Amino acid sequence: DTTVGSGPDSLPSKTLFNLATGESFQIVHSWGGKTESLRLVSPATGKLRDVLQTHDGNATALRLGPHYAGAILLPFANRIRNGTYSFYGKTHHLPRNECVPGGPRCDALHGFLYNRSMETVAQETYSTNGAYGARLTLGYQFDGDSTPGWPFKAAMNVTYALESSGARTTLSITTRALNTQTDGGAQPWTVSWHPYFLVSDVSTARVEFDTSGGGGWRHLTCPAGAPRDGSLIPTGETTPWTTFDGKTPLGGTAAKPTYMDDEFK
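The present account deals with the structure reproduced in this document.

Here we take up the sheet that holds strand β3 (residues 24–28). Hydrogen bonds along the backbone pair up the strands of a sheet, which may run parallel or antiparallel. As summarised here, the arrangement of the five strands in space is β1-β2-β3-β4-β5, forming an open sheet in which the pairing is antiparallel. Looking at the sheet topology across the chains shown, the edges are occupied by β1 (2–4) and β5 (48–50). Averaged over all adjacent pairs, the angle separating strand axes in this sheet is 30°, with direction ignored.

Given below as structure tokens:
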């Protein structure tokens with residue numbers, strides 16, 4: 001049990017520690033399961049380094065941060081145009097929480113979970129087959145009443161695990177959900193994690209997409225102005241994407257790196 005901040009403004013959190021290496025992973029269960037910090041041993045230097053951008057222990061900044069850093073996005077991620085969607089012939093209206101004054105969009109963004117309190121379902125340390133770790137499972141029940149425009153019921157949990165095997169430490173985040181509609185009806189559902197990775201120079205940073213499952217990644221096309229301006233609502237069209245191969249830097253300069261806030265399939 002840990003906290004973000006101190007005094008009456010602090011937020012309760014849970015932290016997974018590797019006592020042998022000093023590595024740690026902090027989760028703010030009292031604020032939507034947000035991942036506040038991840039500290040791992042760098043394979044290049046052998047020293048601890050922060051992997052995620054944090055709020056530096058400032059609970060007020062964590063609450064008010066407009067960029068959803070570290071948030072678990074449920075029951076929908078990204079933007080719903082004008083907060084309006086149709087599902088099985090019925091139109092629903094979500095609260096619009098991303099409106100650009102005089103701009104091109106006023107949409108519903110990133111779901112409802114990000115600022116809600118989650119319950120601790122399980123927490124444990126374990127050792128098996130030469131690997132050891134710590135695991136935390138948080139749960140939340142969507143009741144269909146407190147999510148305007150999303151009148152559905154679902155029980156969900158998120159399991160966070162920090163596991164070491166040999167010289168390698170791995171973080172995993174697993175989300176599971178159960179449709180608890182009593183009428184057996186379907187429900188719309190998407191999920192995402194919204195981390196901000198901490199790098200010293202964005203322009204030289206290299207991103208590698210996992211292609212072990214076969215097939216290729218595709219870039220989702222957005223209207224003019226993307227990835228910073230315009231509606232940022234995908235058109236439904238996609239094009240092949242091979243840039244994130246672990247070799248090609250994002251580009252630009254340290255002072256003005258290539259802006260990257262994009263969508264892929």
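Moving on to the pattern of salt bridges. Working definition: two side chains of opposite charge can pair if their charged atoms are close together. Across all of its chains, the model carries six salt bridges by this definition. Note that Asp-50 is salt-bridged to Arg-39, the shortest N-O span being 3.2 Å. With a gap of 11 residues between them, Asp-50 in strand β5 and Arg-39 in strand β4 (residues 34–41) connect regions that are remote in the sequence. What makes Asp-50 partly exposed here is its relative accessible area of 26%. Residue Arg-39 is classed as partly exposed on the basis of its relative accessible area, which comes to 37%. Here Glu-98 makes a salt bridge to Arg-79, at a shortest N to O gap of 2.8 Å.

Thresholds applied
- Residues numbered from 1 in each chain as written.
- Predicted model: local features only at pLDDT ≥ 70, side-chain atom pairs only at ≥ 80, totals over all residues.
- Heavy atoms only, no water.
- Pairing = 2+ DSSP bridges.
- Helix = DSSP H or I, 4+ residues; strand = E, 2+ residues; numbered from the N terminus.
- Axes fitted to C-alpha atoms, helices over the stretch in contact; angles between N-to-C directions.
- Salt bridge = Lys/Arg side-chain N within 4 Å of Asp/Glu carboxyl O.
- Buried < 20%, exposed > 50% of the residue type's maximum accessible area, 1.4 Å probe, protein only.

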